[in-house]
Amino acid sequence: MPRRPITQGLDLIAVDGVARFRGRPPVRDRDNLRPTLKAAIDGLTAPRRYGKAEHPAPGYGLIVDDSDKHLAPGTDIRIGEPLPKSTIPDHPGLLILTIREIARQNVLF
């Protein structure tokens, strides 16, 4: 059963991603993985409608928006240790997100 979006999101978060692959990674430059991290972060935002779309774009609702107001600087992605071949037999890799809530009073931007 799909999860419902949460009703009250967090004000400010930092997200770090680790991409792990079976065997040799298909990309060796972590900057090439940034669009994947961006798509995952987009999924953390609230559902919204674009233009005249009948149905809203899906979203979890963890943060209102992925702008600088709600997403802290320093969000990063890296390539982690290879996965054992037996870990996920039908899939070539795994994206692990670490999401940290940041208290607004501790931010200097």
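In short, a report on the structure. (Residues numbered from 1 in each chain as written. Predicted model: local features only at pLDDT ≥ 70, side-chain atom pairs only at ≥ 80, totals over all residues. Heavy atoms only, no water.)

### What to know about the environment of Tyr 60
Structurally, Tyr 60 is set in the loop between α1 (34–42) and β2 (76–79). In the structure, Tyr 60 is positioned 13 residues away from Pro 47 in sequence and 6.9 Å away in space, judged by C-alpha atoms. (Helix = DSSP H or I, 4+ residues; strand = E, 2+ residues; numbered from the N terminus.)

### Let's talk about the nonpolar core
By size, the foremost hydrophobic cluster in this structure holds 12 residues: Ile 13, Val 15, Ala 19, Phe 21, Leu 33, Leu 37, Ile 41, Leu 44, Leu 62, Ile 63, Leu 71 and Ile 77. Listing elements by their share of this core, those giving two or more residues are β1 (13–21) and α1. In terms of residue count, β1 provides more of this core than any other element does, 4 residues in total. (Core = buried A, V, L, I, M, F, W, Y, C linked by side-chain atoms within 4.5 Å. Buried < 20%, exposed > 50% of the residue type's maximum accessible area, 1.4 Å probe, protein only.)

### Examining the pattern of salt bridges
According to the stated counting rule, one finds 7 salt bridges in the structure shown. In this structure, Asp 31 and Arg 34 form a salt bridge, with 3.0 Å as the shortest nitrogen-oxygen distance. Residue classification places Asp 31 among the partly exposed residues on the basis of a relative accessible area of 42%. Accessibility expressed as a relative area gives 33% for Arg 34, which makes it partly exposed. Asp 66 is paired through a salt bridge with Lys 38; the nearest N and O atoms lie 2.4 Å apart. (Salt bridge = Lys/Arg side-chain N within 4 Å of Asp/Glu carboxyl O.)

### Points about the sheet that holds β1
Spatially, 3 strands are ordered β2-β1-β3 in an open sheet, and the strand pairing comes out mixed. Only two strands of the sheet have a single neighbouring strand rather than two, namely β2 and β3 (93–101). Looking at each pair of strands side by side, their axes are set apart by 15 degrees on average, direction ignored. Pairing of β1 with β3, which is carried by 9 bridges, proceeds in the antiparallel orientation. Bridge pairing in β3 places Val 15 opposite Ile 99. (Pairing = 2+ DSSP bridges. Axes fitted to C-alpha atoms, helices over the stretch in contact; angles between N-to-C directions.)

In short, geometric facts, not functional conclusions.
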